[in-house]
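Take a look at the letters that make up each chain.
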Amino acid sequence: MPGSVGWREYWARDEFWLNSDTWKLNAEIFLRRSAPWIDFQSSDTVLTVGCGAGHLEAMLAPRVERLHVVDTSERYLEICARRCEPFKNVTVQRLGERYTDLSKCPGSFSRILSVSVVQYYKQMHEIAELIRSARSVAR
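Residues numbered from 1 in each chain as written. Predicted model: local features only at pLDDT ≥ 70, side-chain atom pairs only at ≥ 80, totals over all residues. Heavy atoms only, no water.

1. Quick notes on the state of the cysteines
Link 1 in the chain: Scanning the entire structure with this criterion turns up 0 disulfides.
Link 2 in the chain: Between cysteine 51, a free cysteine, and cysteine 80, which holds the nearest cysteine sulfur, the sulfur-to-sulfur gap is 4.1 Å.
Link 3 in the chain: Cysteine cysteine 84 remains unbridged, with the sulfur of cysteine 80 as its closest cysteine sulfur at 4.2 Å.
Link 4 in the chain: Its relative accessible area of 2% is what places cysteine 84 among the buried residues. (Disulfide = S-S within 2.5 Å. Buried < 20%, exposed > 50% of the residue type's maximum accessible area, 1.4 Å probe, protein only.)

Below, the structure written as structure tokens:
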């Protein structure tokens, strides 16, 4: 955590990353480098955990059937929703206090992504909880 501020508070006040092109570049690199292993299909239902500014989601939305986005930051969910407004297949949802709990996500998912997120988790057991929870909503 940066100083004594928790990550939720950090992202609520962030000004550094807000207008950074780094997230868009990261999304482009992820899609290009993951292409040999992940072939997104028009029938895919995708859950992304941690959307940031929504660059990856805007790139994925035209390629998949449905995209559900979760994050702990209300601010970044709003930014992602605005960026993805042209796509009617994108929904956003704020994660609760138990941010590893995906059980409230609607439906089941053929692909679950968590790109550049787990480094913010406090302990390894939280990553294990996220994986267990992801299994419960995986198709």
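2. Remarks on the confidence of the model for the protein
Caution is warranted with low-pLDDT regions, since their predicted coordinates should not be read in detail.
Link 1 in the chain: Mean pLDDT for the protein: 89, with 89% of residues reaching 70 or above.
Link 2 in the chain: Across residues 1-5, confidence stays below pLDDT 50; counting only partners more than four residues off in sequence or on other chains, it has 7 contacts. (pLDDT = per-residue confidence, 0-100. Contact = heavy atoms within 4.5 Å.)

3. Brief notes about helix 4 (residues 74-83)
Link 1 in the chain: When we look at burial in helix 4, the residues that qualify are Tyr76, Leu77, Ile79 and Cys80. Buried residues of helix 4 fall within an arc of 160° about the axis and therefore sit on the same side. (Helix = DSSP H or I, 4+ residues; strand = E, 2+ residues; numbered from the N terminus. Arc of directions from axis to C-beta.)

4. Structural notes on the pairing of strand 1 (residues 45-49)
Link 1 in the chain: Counting buried positions along strand 1 gives 5 out of 5 residues, so the element sits mostly inside the fold.
Link 2 in the chain: The side-chain alternation of strand 1 yields two buried faces, one formed by Thr45, Leu47 and Val49 and the other by Val46 and Thr48.
Link 3 in the chain: Pairing of strand 1 with strand 2 (residues 66-71), which is carried by 5 bridges, proceeds in the parallel orientation. Note on strand 2: the bridge partner recorded for leucine 47 is histidine 68.
Link 4 in the chain: Taken together, strand 1, helix 3 (residues 55-60) and strand 2 constitute a β-α-β crossover, and its handedness is right-handed.
Link 5 in the chain: Sheet analysis places strand 1 next to strand 4 (residues 111-113), joined by 3 bridges and oriented parallel. Bridge pairing in strand 4 links valine 46 to arginine 111. (Pairing = 2+ DSSP bridges. Right-handed = clockwise from strand over helix to strand, strands pointing away.)

5. Quick notes on the pairing of strand 3 (residues 90-94)
Link 1 in the chain: Examined bridge by bridge, strand 2 and strand 3 share 5 bridges and lie parallel to one another. When the bridges of strand 3 are listed, valine 70 appears paired with glutamine 93.
Link 2 in the chain: The β-α-β motif built from strand 2, the intervening helix 4 and the parallel element strand 3 has right-handed crossover chirality.

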